[in-house]
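# Per-entry structural report
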Amino acid sequence: MAIMEETLTKEPVVPQTPHAPRIAMLGISKGPGGDIVSRFLFRMVRPNRECLPPAVMHTFEHLLTAYMRDAVDGFIDISPMGCRTGFILTVWGEPAESDIKKALVNSLKRTISTEWGKIPGVSEFECSNYRDHSLYGAKKYSLQILEGLFNK
Ligand SMILES: [Zn+2]
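So, here is what we can say about the structure in this document. What you see is a predicted model, and the numbers here were worked out from it, not measured in a lab. (Residues numbered from 1 in each chain as written. Predicted model: local features only at pLDDT ≥ 70, side-chain atom pairs only at ≥ 80, totals over all residues.)

Strand order in this open sheet of four strands is 1-2-4-3, and the pairing throughout is antiparallel. Single-partner strands in this sheet number two, and they are strand 1 (22-30) and strand 3 (75-80). Direction aside, neighbouring strands of the sheet carry axes that sit 20° apart on average. Summarising the sheet, strand 2 (residues 36-43) and strand 4 (residues 86-92) pair through seven bridges and their orientation is antiparallel. When the sheet's bridge partners are listed, Phe42 is paired in strand 4 with Phe87. Against the sheet, helix 3 (residues 97-112) engages strand 1, strand 2 and strand 4, with an angle of about 125° to strand 1. (Pairing = 2+ DSSP bridges. Helix = DSSP H or I, 4+ residues; strand = E, 2+ residues; numbered from the N terminus. Axes fitted to C-alpha atoms, helices over the stretch in contact; angles between N-to-C directions. Contact = placed C-beta atoms within 7 Å.)

With that settled, the discussion passes to helix 4 (residues 135-150). The end-to-end C-alpha distance of helix 4, which contains 16 residues, comes to 23 Å, matching closely the 22 Å that a straight helix rising 1.5 Å per residue would cover. In the core, the buried residues of helix 4 are packed alongside helix 2 (54-71) and helix 3. (Expected span 1.5 Å × (residues − 1).)

Taken N-terminus to C-terminus, the directions of helix 2 and helix 3 make an angle of 130°; their axes are 9 Å apart at the nearest point. With respect to helix 3, the element helix 2 is oriented oblique. In this structure, helix 2 crosses over helix 3, and the sense of that crossing is right-handed. Residue-level inspection shows Leu63, Leu64, Tyr67, Met68 and Ala71 of helix 2 in contact with helix 3, the latter providing Ala103, Asn106, Ser107, Arg110 and Thr111. Taken together, the residues of the contact of helix 2 with helix 3 break down into six nonpolar, three polar and one charged. (Parallel < 35°, antiparallel > 145°, perpendicular 65-115°, else oblique. Left-handed = near helix turned anticlockwise from the far one by under 90°. Nonpolar A, V, L, I, M, F, W, Y, C, P; charged D, E, K, R; others polar.)

Attention now moves to the nonpolar core. Grouped burial of nonpolar side chains is what soluble globular proteins tend to show. Counting 25 residues, the largest nonpolar core has Phe42, Leu64, Met68 and Leu89 as its most contacted members. Breaking this core down by element, the ones donating at least two residues are strand 2, helix 2, strand 4, helix 3 and helix 4. It is helix 2 that contributes the most residues to this core, seven residues altogether. Apart from the residues within four sequence positions on either side, Leu89 is in contact with Arg39, Phe40, Phe42, Met68, Ile78 and Ile100. (Core = buried A, V, L, I, M, F, W, Y, C linked by C-beta atoms within 7 Å. Buried ≥ 20, exposed ≤ 12 C-beta atoms within 10 Å, placed from the backbone.)

Listed below in structure tokens is the structure:
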């Protein structure tokens, strides 16, 4: 139990401000070999007010993984948050927040122009829940998030 508590306290605290959409640097970790890993919050909707439907999160997971890998040097992963309000991006090094924002904006624009047959990894053999996707929803939220990112 003590080990579990210690592990939990080391997790970065994700600020619960209702402001969304937004992009924020969460923290930097340094490995024993001196490697640096940065984590960014990509909050899509307001915490404890809204959440994305599971099918929309799932489609975003497939698309943002592919599009952010193309756009960000040192990309490691973009992981859906269990609360379904957004994603956590993990990258090697210390990229500028403005570069991460540009990459996310570009990935949302690519999402809007994506056709169903072009989503990576959604066949029955590649995806573990291939029926649970909503490209329509991902496009709808992409428009809402882009509007929110630029109208502040
Ligand atoms: Zn999948």
